[in-house]
Structures are given as C-alpha cells and as structure tokens.
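Each chain, letter by letter, is given below.
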Amino acid sequence: MSLFKARDWWSAVLGEKEEFDQGCLCLADVDNTGNGQDKIIVGSFMGYLRIFNPHPVKTGDRAQAEDLLLEVHLRDPILQVEVGKFVSGTEMLHLAVLHSRKLCVYSVSGTLGNVEHGNQYQIKLMYEHNLQRTAFNMTYGSFGGVKGRDLICIQSMDGMLMVFEQESYAFGRFLPGSLLPGPLAYSSRTDSFITVSSCRLVESYKYQVLAFATDADKRQETEQQKLGSGKRLVVDWTLNIGEQALDIRIVSFDQSASSVFVLGERNFFCLKDNGRIQFMKKLDCSPGCFLPYCSVSEGTVNTLIGNHNSLLHIYQDVTLKWATQLPHVPVAIRVGSLHDLKGVIVTLSDDGHLQCSYLGTDPSLFQAPKVESRELNYDALDMELKELQKIIKDVNKSQGVWPVTEREDDLTVSAMVSPNFDSVSQAPDVEVGTDLAPSVTVKVTLQSRVALQKAKLSVYVQPPLVLSRDQFTFELMAPEMTRTVAFSVFLKGSYAPPELEGNAVVSYSRPTDRNPEGIPRVIQCKFRLPLKLICQPGQPSKIASHKLTIDTNRPPVSLLSLFPGFASQSDDDQANVMGFRFLGGSQVTLLASKTSQRYRIQSEQFEDLWLVTNELIIRLREHFENQGIKDFACSFSGSMPLQEYFELIDHHFELRINGEKLEELLSERAVQFRAIQRRLLTRFKDKTPAPLQHLDTLLDGTYKQVIALADAVEENQDRLCQSFTRLRSATHLVILLIGLWQKLSTDQVAILEAAFLPLQHNTQELGWEETVDAAVSHLLKTCLSKSSKEQALNLSSQLSKPKDTSRLKKHITLLCDRLAKGGRLCLSADAVAPPTMVMPGGCAPIPESDLEERSVEQDSAELFSSHKHLIAEMPLPEVSPLQGVSE
C-alpha cells in the first residue's frame, strides 16, 4: 500500500447490481449483547437487509461466511435503517426499517448454536405503520424530552412530517412552502427539527410548535388558518446557505452546547443551535457524504468528508488533518467499534462495496543495496566533464537557451497583404473626415504537417483600424492540408493608429497517443499594413509647430523612390519634399536635404510625426539593404521633445480624472432616481390619495440628468480612447528618438517598449500613468541606479492612481538624463553598475531630499528651455523651394 491509502481491515461486496444511498448504512449493537461491539446493518434498494459482524483473521481479509449474521429479503426497497428504543415497555434496542410506503420495527436476536455452523440470528416484526404518503427519510430521538424511549419522525416527498410515538401515530404537519424534501435531523438540546428547504434555507422547527399547530391530515391548513382554526406553524430560525444540502448532522458536546453541521454541494457549515454560523469550509472537490464527531481535543469537532474523487478528508474544525485514498466513491460513512478495535471507519459505495478501514501509513521496507567500492579515475572523469561542457556550449551557441521543438513544423502560418485597395471598399458607410475609408485585403494561409484539432485563428490590429472578421475556426485539419482565409482591414476613426502591424494568432491541439484530445499549442504570424491605408498624398507645408531632424551616414535618397505611391508630380523638384495627409485631416511634411545627410519631418500634431518617421527609417534601411550596404545607420542629435510628450500625458490623465468624476456623479443621480421612484411607488400604493408634492417633476428632471450624464460618460470614454491612442503614438516616437539618440541596441529598445507600453487597453482600475511610473522607477533603481543605496529601495507593490503626473514626468526626465550620462538598460542583476562616463549636457542625479528634487526640476526646465533656443537658432538644411506654398 502507498503512504496515503486507507488501511483495509475488512471488506465485502454486497449482492449483484444492487443500489445503496446514504441512509442504507447503520452501526449499532442491534442484538443487545452489551459488550460494546457494533454490528453493521445495511439495507439496499432491492429490499435486502444484511447484518455483519466482521472477524478478520488478518488485516485486509475479505468477508467470510460467518461474518454475515443475517440476510433477509424484505421485498420493498429499503430507504433508511436506524437503531433505537422504538418499542414501548422496554429499553432494548430495535431496528427501524423505512420503506417507501411502510415503517417496520424489528427485534434482532441470536440463538447459541450446538453445531459447527455457529449462532443463528433471526428478526421478529414488532409492529409496522402503513404510510399514506410516500416517505423520503426519517429521524428519531426523545421528542418533547421523553425519557427511556425514542420517537420517529418521517418526512414525506410532499414535505409532510409524520410523528410516531412507537406503536401509535401521533400527528402530521406540513412544512410551510415545501416544494422538495431535504435532509432531516433532530436536536435533543433545543428539541427541534432541522431541515433544508428547496429555497436553500436551513430551517429549524420546535417540536412543541409542530405538536400544537394545525393538523395536516389534508393539505388545506392555509385555508383553516385563515378561518382561525388551529395555530400557525412558525419557523424558529432560518439561514440562507446559497446551495442545496446533502446531509445534516447534530453533534452535542454536553447538555449545554451542540452544533449543527450541514454538508452542501461546495461547502460544509457549522452552525450554532440558534442558527448563527460558527464556521464554514469551502471544499475543493464535490462531496458525497460526511460524518462529524467530537474530537479528543476539547471544544473541537472532527469531520470525515468523502468526495467523488474517492478521497476521504479528515478536518478538525476547518483544518485539514489527514487525507486518504479509498478504493471506491462513498455514499455513506460511519465510525464504530468492531472486534475490540475502536474508531473503525465503515464506508459504503452506491454499488455495494462495503469496507472497514483505519488510518495509518505503511513504512517502506526497501533498503538500498550496498554499492561495491571501487577506485575512481579522476583524470578520466575530468576529461569526460570537459567534453560534456563543450557539447553544452556548442548547443547553446547554435540553438540558444531553448531547444527547437517540432511544434513549429506542425503548422505553418503566413500572411500576405494585397498591394492594392479593394475594388469595392468593405467599409462603405464609414467616412473619416471628408474621405471615404478604403479597405485592403489580407490573406492568411495555414498549412498543417500533421493532423490538428480545434484550430482557431484570431486576428488583431490596432484601433481605430477595424477588421471585417477577426476569428476563424477549423474543427479538424488533415495532414498536408492548406486552408486560406481572407479578411479586410479599414480605418474607422478620425485619428491615426499607433501601429500598422497586425498579428494573426492560431491556437490548436495536436493529438498524441497518450492524450487523444490533443496538447494545446499556439503559433503567431505578424503582417504589416500599407501606409496608404490611412494616409493620402497631401500638399507640403513649410509652417509647422513640431519638427524633427533625422541624421544618416549616407547621401539622401530621392523621396520619389522611397514613397512612389505618394508623389503628386514626377518633377525633380518634388524629389526632396513630400506631403502626407491622414484621413482624419492632419498633415505631415517630409523634407530631404540636398547638401547634408538629413531628413526633416514636421507637422502640426506631435503624435502624427510617428508613423511617417518610422516608415521613413524602415524604407531607408530596405533601400540600402537592397543595394548591399550593411553599415547604414540613423541618428538623432536634437533635444528630446519631452515637453510636447508631457502635454499629451497631462491631457490623457485629465480625461481619466474627468471620467471618474462623471461616473461618481452618475452614480449619485442614479441613487437619487431610485429613491424618488420608491417614494412615488409608496404614494401610488397608499389607499388614501396624497399629493405628489412635485415628485413627478423631480423624477423627470433626474431622469434627464441621468441620460445627459450617461451620454457625457460615453463621450468622455471615446475621447479617452482617442487620447490613449495618440499617447501610444507619441510614446513610440519618443522611444524611437531615444534609441537613435543613444544608439541603443535592439534588446535595450525592447526594455524601453516594455516599460512605456505595458497596456493595450486603458481602464479606470489600472491606468497607463501608474503602470509606466512603476516600470520607470524600477529601471531607475536597478540598471540606471547611481549607487547601491538606490538599489536597496523597495518599490510599492500596489499600484494606485496618482494625484497628478508630476512624479511620472520627473522620472521620465531622470531616465533620459541617466541615459545621457552613459547608463545602459539591462535586466540582469549582475550587470547593474553605476555609470562612470559623463557626456556633455548631462542631467542631475536622482534627488535624495525634497530640496534636491526642486533643484532638479529647475535644472531640467532650464535644460529643455536652452534646447528650444538651440533649435530656433539652428539653420535649416538646404532644400529646394516648395512650389505652390506661400512664404
């Protein structure tokens, strides 16, 4: 046996194709031997009554013939068996058997045998009650405080409680509002019946209240109560547990305290006898049965819970003390004393597996054999170690850290963007400004090498770009099968997206021999949309509020060859200047110098510079790569446009604050609207008409305010989404300029993108400002720190919305200053070291006090103001005059 399996003491299999439930098992000294040894009484739905007295020769024995004391076929299905003092005139224990339409009480007795067959047992019917209603379950106890005898209460399928005082029928009462019967238990300390109704309420009824309530021979007690005859059946207390109950048990510590245990479908509850929750425990698995009993520790209760995973959990209050594996799923569980062994756990499954077990572990008897001693050849081991290290090093160089698996060959995904617009736009009703939005077709091809299941293709593009269809499903793909899907992309908004890249992700399952359902895997493919999808040729302009200059190490290239689709004329004068007009209306001008190796991008909107600048750098690199030039490089020598970037941050944060205020105001107006509705409803229900006192006018005004505020919230949300898109575009531009300014590697640019672009969507709970502030602060305190003291500072583990953006702007400024001083971005802890190289125009260190913070802000303001003066005084590169543009 393994460590956590139940120790099998005795077991038996009852009958063939018989069924059992939680009421079919009982343990008691039913034959009144007086030696404290319990017998196992089992009844089945087939009508068989069996009584066992296990005597295993050794632990784990199967049932022997002499272990079965009695087996009787009662013909009617047995719903429940109980043992108690059910016969008048004697305090001997008798067996009560509940059938669907009958209650029978038997005496069990044994006769000493004179031959080798042993003792003989028989049952004798003492009395029986024929039931007028179909029974569901029963409970027993000393109802009303009687001494020396037990009374029986049977619950019918239609919710009637029938009380039997041994041989005579006492009374019957219907539970109010009963729809379906539930588990039933009796508490002797409070003299009350406890059940769980179909409304998922634990209900307690006093026996005295049941005894003096209206008779329920006919289910018309409600009409009789209206006429004034009899007393109304009133519940003592109720508790809503929110789930259906499987069983109820009462545990009494002494005469002064008792607890009610309720087993639910997902939790088990411990209630005080007044209905208040003492504790509850959420269960990990679906339970099947349970048994609480008093623990050896004073004031605690042990609970055995069997679940549908064939596990038996033992709890002390809410603490799991032991878990053991059973060979079957138990539906009934009891604890008793069998054959001088106390605390035997008896479990019964629904198909008749009866087992007696106890808790414990089996120590491992395995002993490792002695290893033959031999001399080690250290020189040979050293050579083998060096060869293995060389193999590992070669593998890491050729394949990287992670080995290449076959999953990339299971499915190949490729995307192709059409070079031309659709002849008929897929967005006919979408107008962006004064222009009709064109659409372009993208085809994604899936080619499988092996059989795949449940392949799902999901496509994502950056808003305000919209897809005609974003999800495709393939239930089954055969080997060497190719599937191609097509969809259209178009712009739906008056502003530009932050990126022109799209992403196609395919999730699928690959079946294996061990897992026929398949192993889930994911593969993705990126595609790039053309610039002309969101931009058209425009008229260049000299006047612009925002300008950027990009330096290169190669002679300037004709803009006509770089952007052939945006040239309005083929004149040579237009080779150095080109205009772009976004579909939303904003314009961008691109100029190339004739004498220097510079390009200038200018626009009225700062964020509109991003897409054209990025497209220029991409096309320049492709142009020189096609010519075989590999040392082409771009750089940025101007000042970082942080002030323009900060204005976009402030605007975005202001919209977040406005949205929060509008939602609070809307919540207040909604509460006011509901309060007025309640007042009006009270007035309308009043039998005596009363004046409305202008409540209807107030209701109408509040309704208009709620509608207006809801429209304002929706409008602010649209503006916030647009502002977040513009902020992402500006962030991409700032990251690009920082990378060109400090000549950062691809890995360092990826770190910046992870810090500044952590969110795809902005929410009120988690916003861009606090997320970026935490990421930038982490970089300042790790790889860009000045000393070990800064590295020891811990960041806050909880993100919250800041009061303003001053802290974020200060940290972004310090990030640029540290990079200007020679700091480098990295993620490894051992690479963090204080920078030693200082470049001209460096920035101040991280402040150690509030006074130093103020000085840093003043120095930063002076620094960026001096940069602006330098920009104004810097001569423009020589370009050709613009035709058709006024000075």
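To start, this report covers the structure provided alongside it. (Residues numbered from 1 in each chain as written. Predicted model: local features only at pLDDT ≥ 70, side-chain atom pairs only at ≥ 80, totals over all residues. Heavy atoms only, no water.)

Residues L457, I534, F580, Y645 and F756 are the most contacted members of the largest nonpolar core, which totals 99 residues. When residues of this core are assigned to their parent elements, the largest contribution, 10 residues, is made by helix α8 (residues 695-742). Not counting the four nearest positions on each side in its chain, I534 is found in contact with L465, L491, A496, P497, L500, F582, L583 and L611. (Core = buried A, V, L, I, M, F, W, Y, C linked by side-chain atoms within 4.5 Å. Buried < 20%, exposed > 50% of the residue type's maximum accessible area, 1.4 Å probe, protein only. Helix = DSSP H or I, 4+ residues; strand = E, 2+ residues; numbered from the N terminus. Contact = heavy atoms within 4.5 Å.)

Now for the packing of α8 against helix α12 (residues 806-820). Between α8 and α12, the shortest axis-to-axis distance is 11 Å and the interhelical angle comes to 20°. In terms of their interaxial angle, α8 and α12 are classed as roughly parallel. Helix-helix and strand crossings are classified by hand; for α8 and α12 the assignment is right-handed. Contacts between α8 and α12 involve I738, W741 and Q742 on the former and, on the latter, C816, L819 and A820. (Axes fitted to C-alpha atoms, helices over the stretch in contact; angles between N-to-C directions. Parallel < 35°, antiparallel > 145°, perpendicular 65-115°, else oblique. Left-handed = near helix turned anticlockwise from the far one by under 90°.)

At a closest axis distance of 9 Å, the pairing of helix α10 (residues 768-781) and α12 adopts a crossing angle of 35°. Relative to α12, the crossing made by α10 is left-handed. Side by side, α10 and α12 meet where W768, E769, V772, D773, V776, S777 and L780 of the first sit next to R807, L808, H811, I812, L814, L815 and R818 of the second. For the contact of α10 with α12, a count of residues per class yields 8 nonpolar, 2 polar and 4 charged. (Nonpolar A, V, L, I, M, F, W, Y, C, P; charged D, E, K, R; others polar.)

This part covers α8. The terminal C-alpha atoms of α8 lie 68 Å apart, and with 48 residues this matches the ideal 70 Å at 1.5 Å per residue to within 8%. Phi for K743, located one or two positions after α8, is positive at around 50°. (Expected span 1.5 Å × (residues − 1).)

An order of β15-β16-β17-β18 is seen for the 4 strands of this open sheet, with the pairing classed as antiparallel. Looking along the sheet, the strands with just one partner apiece sit at the ends: β15 (184-187) and β18 (237-240). In this sheet, adjacent strand axes meet at a mean angle of 20° when their direction is disregarded. (Pairing = 2+ DSSP bridges.)

Bringing the packing of aromatic side chains into the picture now. This model, assessed by the stated rule, comprises 18 aromatic pairs. Judged by centre distance (6.2 Å) and plane angle (40°), the rings of F673 and Y703 are tilted. One end of the pair, F673, is in helix α7 (residues 642-685); the other, Y703, is in helix α8, with 30 residues separating them in the sequence. Assessed through its relative accessible area of 45%, Y703 is described here as partly exposed. Ring pairs connect the aromatic residues F143, F171, Y186, F193 and Y207, which therefore count as one cluster. Note that K532 overlies the ring of F421, its terminal NZ or CZ placed 5.3 Å from the centroid. (Phe/Tyr/Trp six-rings, centres within 6.5 Å; stacked < 30°, edge-to-face > 60°. Lys NZ or Arg CZ within 6 Å of the ring centre and 35° of its normal.)

Our focus in this paragraph is the sheet that holds strand β26 (residues 319-325). Read across the sheet, 4 strands follow the order β23-β24-β25-β26 without closing on themselves; strand pairing throughout is antiparallel. Each edge of the open sheet carries a strand with a single partner, namely β23 (287-294) and β26. Each strand axis lies, on average, 20° off the axis of its neighbour in the sheet, ignoring direction.

Next up on the list: the side chain of D551. Looking at where D551 falls in the secondary structure, it is placed in strand β41 (residues 546-552). Since its relative accessible area comes to 12%, D551 is described here as buried. Of the polar contacts made by the side chain of D551, one reaches the side chain of R598; its length is 3.1 Å. (Polar contact = N/O pair within 3.5 Å; in protein donor to acceptor, adjacent residues only side chain to side chain.)

What is expected of a backbone is that most residues other than glycine have negative phi and most peptide bonds are trans. At the junction of P463 and P464, the peptide bond is cis and its omega measures out at 10° in the coordinates. Inspection of the secondary structure assignment puts P464 in the loop between β34 (452-460) and β35 (465-467). Despite not being glycine, R200 shows a phi value in the positive range, around 65°. Within the secondary structure, R200 is located in the loop between β16 (192-196) and β17 (201-206).

If you walk through the whole model with that rule in mind, you get 3 cavities of 30 Å³ or more. Its boundaries defined by the atoms lining it, the largest cavity holds a volume of some 70 Å³. Looking at the largest cavity, it is lined by 14 residues, and the ones nearest its centre are L175, S178, L180, S197 and E203. (1 Å grid on protein atoms, 1.4 Å probe; cavity = no way out; pocket = protein on both sides within 12 Å on 5 of 7 lines; lining within 4 Å. Points joined across faces, edges and corners; volume = space filled by probe spheres on them.)

Along the chain, H353 turns up in strand β29 (residues 353-358). Between the C-alpha atom of H353 and that of G15, which follows or precedes it by 338 residues, the distance is 9.5 Å. Sequence-distant contacts of H353, defined by excluding residues within four places in its chain, comprise A12, V13, H328, T347 and L348. Engagement of the side chain of H353 in a polar contact is seen with the side chain of D351, the distance being 3.1 Å.

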